[in-house]
Amino acid sequence: MSATEAQAPIWRHRTPKTRLAIWAGWLACVALFVWCWEMMTERTIWAFVYDAPVAANDLLGRAFPPKWGYIDSLLWPLWDTMNIATLGTLLGIVMAVPLAFLAASNTTPSRHILRPIALFLIVASRSINSLIWALLLVSILGPGILAGIIAIGLRSVGFIGKLLYEAIEETDVRQIEAVTATGASQAQILNYAIVPQVLPTFYGISVFRWDINIRESAILGLVGAGGIGLQLQASMSVLAWNQVSLILLVILGTVVVSEWVSAKVRHAII
Amino acid sequence: MSHMAYPTQWRRPPMMVKSRFWRIALTLGAIVYLLLAFSTIEVNYARVIEGLSRAQRFVAGFLQPDFTSRSRDIWIGIGESLTMTFTSTVVGVLISIPIGLGAARNIAPRLVYLVCRSIIAVSRSLQEIIIAIFFVALFGFGAFAGFLTLSFATIGFIGKLLAEEIEDIDEKQAEAIRATGASWVQLVNYGIQPQVMPRLIGLSLYRLDINFRESAVIGIVGAGGIGGTLNTALGRYEYDTAGAILLIIIAIVMVAEYSSGYLRRFLK
């Protein structure tokens, strides 16, 4: 009895070799983590970290209750923030639509020259955050909401462009073929076969980006690009934490409302 | 007589808003809003003209980036960003796994579900920058505050998507494990983990990519990393160094995006 038990191999999910490889992989991950941790905390001043609970207590004590009377001076910046987001989204759309048609493999006029350029522009715009764009534009255009609008626009190009060109590539070929078969010109094919197919997606993407832009434009003021972030920066630099907490509540409220609006609109369209 | 019945003209029916009244109302509303919005833009033309020469220098700096004269700062910034990205993704994913399990309706009790969902909601509704401001105020300047910020943001992202993935699993497999009399831990380990693991790895790689992008930004408010170096370079009007830093950021983001996309396809 015991002999058969000893002979019967125990079932294992993996062979010894793969198990060893998985262990080695985990070990490498842990080693990398420890090494990265050492490098990252090289310049950390631990006294501040240990002090954090006291600091947090102090900060919260100063932040609450919020200074409700301050709301009067927030309404105008809030309007600016909305404008930055909306006009920035429009600017992004204006630039992204032609780029998307150049980047989609089924509508691009030149596959080897224009398409890679359009794809590069889309990736470049997506990899730089709107705050960095704003930082750059504020140093060029001076502080104000114009810098914010352009920053939001430049960042939106990549997002809208990428999603839109993917939608264009996924259009139904048969509808395009049907319109082509009537002897339509290139422009007519675009207008009657491709645009109707991508239009709902396009509206959906735009509203979605608008919603994201509301969040982003709320903080652009930190680098001087107008909107409610300017007030946030001003309140923080005088350590008026009860104003900061009110501003954060206002931002949170705006974000919730814009998310609700965008969800409603997208639901109605799609 | 009969040819009268055939229309010779065709107008495409409206594609979005069917009612004529609402079409006109929406258009008018949009025009009024745009006029109001454009009127709030204040442009100081003297400042813009002054800035144009800077723009020229920036474009020149972007075309002829200067990697060498501030190379020490750039290396420190990149090093901090990359290490911060990796450690925060690992810690964030490790924390978000139990939270994701707790936030899945089909395996967590109601109370745990509500607690975990509210943690996720808090983490998702606050912007990284705002969290970074607070962590910098609490923990001092430097990469540690950035690490905490990114970990915190990762929890909401991975936790939510993981919970949704767990809610979408094939119930039959979990049922089969339950039928063997397995405990909750065994159910998670043998019934759920194999189903969600590929997706979890994919999400973690995606978040690694996002965390690097964010690490370039939170440095602006003092949370370490390449963003701080960039902010300093722009503050000194050293556009050639700023151009170099932006090119490095774009290059790393592109490498990260392509390699994470490749890895995710490989794991599928």
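Residues numbered from 1 in each chain as written. Chains lettered and ligands numbered in written order. Predicted model: local features only at pLDDT ≥ 70, side-chain atom pairs only at ≥ 80, totals over all residues.

As recorded in an unreviewed UniProt entry, chain B goes by the name Phosphonate ABC transporter, permease protein PhnE, listed as coming from Roseinatronobacter domitianus. Under the Sequence similarities (unreviewed entry) heading, UniProt states for chain B: "Belongs to the binding-protein-dependent transport system permease family." UniProt's Subcellular location (unreviewed entry) comment on chain B is quoted here verbatim: "Cell membrane". (UniProt positions renumbered as here; feature names shortened; annotations may be inferred.)

The name given to chain A in an unreviewed UniProt entry is Phosphonate ABC transporter, permease protein PhnE, with Roseinatronobacter domitianus as the source organism. As recorded by UniProt, the Sequence similarities (unreviewed entry) comment attached to chain A reads in full: "Belongs to the binding-protein-dependent transport system permease family." As recorded by UniProt, the Subcellular location (unreviewed entry) comment attached to chain A reads in full: "Cell membrane".

1. Description of the overall build of chain A
Along its length, chain A carries 12 helices and 0 strands. Order of helices (α) and strands (β) in chain A, N terminus to C terminus: α-α-α-α-α-α-α-α-α-α-α-α. Computed over C-alpha atoms, the radius of gyration of chain A comes to 27 Å, more than 25% over the 18 Å expected from 2.2 N^0.38 for 270 residues, which places it beyond the range of a compact globule. The principal-axis extent of the C-alpha atoms belonging to chain A is close to 85 × 65 × 35 Å. Here chain A holds 270 residues, and the buried ones make up 38% of them. A separation of at least 24 residues holds for 73% of the contacts in chain A among residues at least 6 apart in sequence. (Helix = DSSP H or I, 4+ residues; strand = E, 2+ residues; numbered from the N terminus. Rg over C-alpha atoms; globule rule 2.2 N^0.38 Å. Buried ≥ 20, exposed ≤ 12 C-beta atoms within 10 Å, placed from the backbone. Contact = placed C-beta atoms within 7 Å.)

2. Some details on the UniProt feature "domain: ABC transmembrane type-1" (unreviewed entry) in chain A
UniProt tags residues 78-262 of chain A as "domain: ABC transmembrane type-1" (unreviewed entry). A distance of 18 Å separates the end C-alpha atoms of residues 78-262 of chain A, which is 83% helix and 0% strand.

3. Some remarks on the interface of chain A and chain B
Across the boundary between the two partners, chain A contributes 46 residues, which contact 46 residues of chain B. Of the residues forming the side of chain A that touches chain B, the biggest block, 7 residues, is contributed by helix H7 (residues 130-141) of chain A. Looking at side-chain class alone, the side of chain A that touches chain B contains 34 nonpolar, 9 polar and 3 charged residues. (Nonpolar A, V, L, I, M, F, W, Y, C, P; charged D, E, K, R; others polar.)

4. A closer look at the domain arrangement of chain A
Domain annotation for chain A reports domain 1 (13-44) and domain 2 (75-269). The centre of domain 1 of chain A, based on its C-alpha atoms, is set 39 Å off from the matching centre of domain 2 of chain A. (Domains from an automatic or database assignment.)

5. Re the environment of Val250(A)
Residues and elements named next belong to chain A. You can see Val250 is positioned in helix H12 (residues 241-269). With 179 residues separating them along the chain, Val250 and Ile71 place their C-alpha atoms 8.6 Å apart. Dropping the residues within four chain positions of it, Val250 is found in contact with Leu74, Leu78 and Ile228.

6. Thoughts on the UniProt feature "transmembrane region" (unreviewed entry) in chain A
UniProt's feature table lists "transmembrane region" (unreviewed entry) at residues 20-40, 84-105, 217-234 and 240-261 of chain A, given in the numbering used throughout. Along residues 240-261 of chain A, the helical share is 95% and the strand share 0%, with 32 Å between the first and last C-alpha atoms.

7. A few points about the packing of helix H3 (residues 71-102) of chain B against helix H6 (residues 143-167) of chain B
All names here are of chain B. Closest axis-to-axis distance for the H3/H6 pair is 6 Å, and the angle between their directions is 40 degrees. By the angle between their directions, the pair H3 and H6 is classed as oblique. Considering how the two elements wind past one another, H3 and H6 form a crossing that is right-handed. (Axes fitted to C-alpha atoms, helices over the stretch in contact; angles between N-to-C directions. Parallel < 35°, antiparallel > 145°, perpendicular 65-115°, else oblique. Left-handed = near helix turned anticlockwise from the far one by under 90°.)

8. Remarks on the environment of Ser81(B)
Residues and elements named next belong to chain B. Tracing the backbone shows Ser81 in helix H3. Between the alpha carbons of Ser81 and Val217 there is a distance of 10.0 Å; along the sequence they are 136 residues apart. Excluding residues within four positions of it along the chain, Ser81 makes contact with Phe212, Ser215, Ala216, Gly225 and Ile226.

9. A short note on the UniProt feature "domain: ABC transmembrane type-1" (unreviewed entry) in chain B
The residues that UniProt annotates with the feature "domain: ABC transmembrane type-1" (unreviewed entry) are residues 78-260 of chain B. In the segment residues 78-260 of chain B, helix accounts for 84% and strand for 0%; the C-alpha atoms at its two ends are 19 Å apart.

10. Some words on the UniProt feature "transmembrane region" (unreviewed entry) in chain B
Residues and elements named next belong to chain B. UniProt annotation of "transmembrane region" (unreviewed entry) refers to residues 89-108, 129-158 and 242-263 when read in the numbering used here. Regarding residues 89-108, the helix share stands at 70% and the strand share at 0%, and the terminal C-alpha atoms are separated by 25 Å. Within the segment residues 129-158, helix and strand shares are 90% and 0% respectively, and the terminal C-alpha atoms sit 19 Å apart.

11. What to know about unusual backbone geometry
The phi dihedral of Leu239(A) is positive, around 55 degrees, even though this residue is not glycine. Turning to its location among the elements, Leu239(A) is positioned in the loop between helix H11 (228-237) and H12.

12. Brief notes about helix H6 (residues 114-127) of chain A
Every α-helix winds through 3.6 residues per turn, so residues three or four apart in the chain are directed the same way. Over its 14 residues, H6(A) extends 20 Å from the first C-alpha to the last, a length consistent with the 20 Å expected when each residue adds 1.5 Å. Those residues of H6(A) that fall on the buried side of the exposure criterion are Ala118(A), Ile122(A), Ser125(A), Arg126(A) and Ser127(A). (Expected span 1.5 Å × (residues − 1).)

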